[in-house]
Amino acid sequence: MRIKFYLIIFVFVSNCLLATAQITAYQYEAQKNITVSRAAVVSAHTLASQAGESILKKGGNAIDAAIATQFALAVVYPGAGNIGGGGFMVAHLKNGKDFSLDYRETAPAAAFKDMYLDAAGNAVTAMSQWGYKACGVPGTVAGLFAALPYAKFKMPVLMAPAIQLAEKGFVITKEEAASLNSARKDFMDLNKEPIAFVKKELWKGGDTLIQPQLAATLTRISKLGASGFYEGATALMIQNGLQKNGGIISLDDLKNYKAKFRDPIRFNYRGYQIISMPLPSSGGIILQQVLKMIENKDVQALQFQSAASVQLLVEAERRAFADRAQYMGDADFVQVPVKQLLEDTYLQKRISDYIPGKAGNSKETEAGIIPEHEETTHISILDAEGNAVSVTTTLNGSYGSRVVIAGAGFIMNNEMDDFSIKEGVPNMYGAVGNAANAIAPGKRMLSSMTPTLVLKNKKPFIVVGTPGGTTIPTSVIQSLVNIIDFKMNAADAVNKPKFHHQWLPDVIYIEKGFSPAVADSLRNMGYTLQTRSAIGRTELIKINPTQKKKIEAVADHRGDDDARGY
Ligand code: GLY
């Protein structure tokens, strides 16, 4: 009798909890800035941040939360959250260990260097950027399973929020509706079967997006493990769906995919220990090059976004991006002179010819001599135990290749465009490259993703990262300089207007809101400036250990991004 009573209470409470979870998916509002005392998750979507927060509150650690948040993003943020793409994770564990995990996509075995050139040898970027041939072999699912040994919960618990959101649906925001509508034509041209992302009428904010095929795919993964994606029914759907339409990913490509643990980029900047992503991301190297080039200048005295401080950063960025184009690629395939690129003497020499007040020139600044529409997304997490995780993940362009795997309901990446498809031909972010980043079977395409951690006295101080193609490292650099040099709070560090220079094109991109007077001063120095609507969508956590509510968690005001914590 007593047992029956408790059972009834249990069922009642569970139903209430389920109902609460469902109501949240139909009615929610983004939180931008929070100050909390124990733990925080910041991501591109409220429902994904909530999935991470609920795992933390159940006793999970930052790795549990990173896995739960990323799977939830694959449902609620289809433009970039993904299982059909790849990403990078950088983690600092409470025992002092750091790791970086590479689950970047790879070129399929049938890929070859000139696969995006026509008969006359011209680059056909439409092929590398959109549709079936643009897809690399996805790495996200393998990556999240590789991280699982560091988590406390089993995968079915971590995937439950994502599965529920896909199965029962959730309400989309105005921004997501506009974004889905802008991709509608591509979705309809490329996908012959009905897909969840296109309905009869245009989407509007407040509509419900239900993804039953994706729910079934996630359920297979949850039950069978990574082989629920890389083998069996899902793998067959990927191979058949792509190959029927000119794609080249095979069952073997999927079965052979491996995520890799790598030694992170580590360096000190003004007494802080910075940990970031190594190759195949250029992000950590660019971060170190730029910060080391400016470290012996009194940046604070130059003041935030004065013409002088912008110029200094622009000239350091110009030099780092010239090196990126010349030398960087997947170091498992090509020799990259990483050690030399990061030597202090090399970097000091490199910045020594910069002339304050006079614009540099990318024709003269070549690589040093040594003997993205952009959609990616970032998650920053800190747990109550002191573990910190920074994850950036991507489909490359918004909604990737815009190919939805028939029957499996997820969007494939268009990451092949991050290779240099022909020497000197810019990719969708305007970045150029050469042989180091040429296509080869099994090779990872060069990335700019820069998931980064900053430690102070060996404890997490900043967790940061952003989407934005080639603007990723420069946005991360500015967020760090804003806090470390200009002593800004986390919200200002993220939300103040940003700027960007990437060697080629030889242009300073400025975000709307950038001071017109400073822009004029830079033009007077000889720079060409171009305004862009937004640079980055940075998710940042800053820890102030002496305060009771010690965690500032900030979700970028440029999108639907959301910070949760307690
Ligand atoms: N797809 C953008 C990047 O990896 O840099």
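Figured I'd write up the structure that's included with this text. Here the residue numbers are simple positions, counted from 1 along each chain's written sequence. Predicted model: local features are reported for residues with pLDDT of at least 70 only, side-chain atom pairs are reported and counted for 80 or more only, and whole-chain, interface and lining totals are derived from all residues. Only hydrogens and water are removed before side-chain values are computed, so all heavy atoms of the structure are retained for them.

### Remarks on the site of the ligand
Taken together, 9 residues surround the ligand, and among them Asn-396, Glu-415, Asp-418, Ser-447 and Ser-448 come closest. Pairs of N or O atoms are called polar contacts if they sit within 3.5 Å, as long as, within protein, a hydrogen donor faces a hydrogen acceptor (for residues adjacent in sequence, only side-chain-to-side-chain pairs). Here Arg-104 contributes a side-chain N or O atom positioned 2.9 Å from an oxygen atom of the ligand. In this structure, Asn-396 approaches the ligand through a side-chain N or O atom, which is 2.7 Å from a nitrogen atom. When the free accessible area of the ligand is taken as 200 Å², the share hidden by the protein chains comes to 99%. Being near a molecule or strand, for a residue, means having at least one of its heavy atoms within 4 Å of it. For every accessible area listed, the method is Shrake-Rupley and the probe measures 1.4 Å; residues are considered covered only by the protein chains on display.

### Brief notes about the sheet that holds strand 16 (residues 529-532)
DSSP-based pairing: two strands are paired if at least 2 bridges between them are found. The way it works is that DSSP assigns letters per residue, a run of H or I at least four long becomes a helix, a run of E at least two long becomes a strand, and they are numbered from the N terminus. The 3 strands are arranged 14-15-16 in an open sheet whose pairing can be described as mixed. Each edge of the sheet is formed by a strand with only one pairing partner; in this case those strands are strand 14 (499-500) and strand 16. The pairing of strand 15 (residues 508-511) with strand 16 spans 4 bridges and is classified as parallel. Within strand 16, the residue paired with Ile-510 across the bridge is Thr-531.

### A few points about the pattern of salt bridges
Basic side-chain nitrogens of Lys or Arg form a salt bridge, by our definition, when they fall within 4 Å of a carboxyl oxygen of Asp or Glu. This model, assessed by the stated rule, comprises 31 salt bridges. Note that Arg-266 and Asp-98 form a salt bridge whose closest N and O atoms lie 3.2 Å from each other. Residue Arg-266 is located in strand 8 (residues 265-269), and its partner Asp-98 is located in strand 4 (residues 98-103); the two are separated by 168 residues in the primary sequence. By relative accessible area, Arg-266 is classed as partly exposed at 41%. Taken together, the shared-partner salt bridges in this structure form one network comprising Asp-102, Lys-260, Arg-262, Asp-332 and Arg-444. Any residue under 20% of the maximum accessible area for its type is buried, any over 50% is exposed, and the rest in between are partly exposed; the area is computed with a 1.4 Å probe on protein chains only.

### Considerations on the packing of aromatic side chains
Stacked, edge-to-face and tilted are the three classes for Phe, Tyr and Trp ring pairs, Trp counted by its six-membered ring, which pair at centre distances within 6.5 Å; planes under 30 degrees apart are stacked, over 60 edge-to-face, the rest tilted. What the rule picks out here adds up to 11 aromatic pairs. The interplanar angle of 75° and the centroid separation of 4.8 Å between the aromatic rings of Phe-229 and Tyr-230 together place this pair among those described as edge-to-face. Side by side, Phe-229 and Tyr-230 carry an identical accessibility label, which is buried. Through pairs of rings, three or more aromatic residues link up here, namely Phe-229, Tyr-230, Tyr-257 and Phe-410. A ring is scored as having a charge over it whenever the NZ atom of a lysine or the CZ atom of an arginine sits within 6 Å of its centre and within 35 degrees of its normal. Above the face of the Trp-203 ring, Lys-199 is positioned so that its terminal group lies 5.0 Å from the ring centre. The residue whose ring lies beneath Lys-456 is Phe-461, and the NZ or CZ to ring-centre distance is 4.9 Å.

### A look at the sheet that holds strand 10 (residues 375-382)
In spatial order, the strands read 7-4-3-11-10-2-19; together these 7 strands make up an open sheet with antiparallel pairing. At either margin of the open sheet sits one strand with a lone partner, and together these are strand 7 (260-262) and strand 19 (562-565). Strand-to-strand twist in this sheet, taken as the mean axis angle between neighbours without regard to direction, amounts to 15°. With 3 bridges joining them, strand 4 and strand 7 adopt antiparallel strand pairing. Note that in strand 7 the partner of Asp-102 across the bridge is Lys-260. Across the sheet, helix 2 (residues 46-57) touches strand 2 (40-43), strand 10 and strand 19, and the angle it forms with strand 2 is around 160°. Orientation is described by lines fitted to C-alpha atoms, with helices fitted over the stretch in contact, and by angles between N-to-C directions that extend from 0 to 180 degrees. The criterion used for residue contact is that any of the two residues' heavy atoms lie within 4.5 Å.

### Comments concerning the side chain of Asp-556
Considering the arrangement of structural elements, one finds Asp-556 in the loop between strand 18 (551-555) and strand 19. Within the structure, Asp-556 has its side chain in polar contact with the backbone nitrogen of Thr-538 (distance 2.6 Å). Ignoring sequence-local partners within four residues, the contact set of Asp-556 consists of Lys-32, Val-494, Asn-495, Gly-536, Arg-537, Thr-538, Glu-539 and Asp-561.

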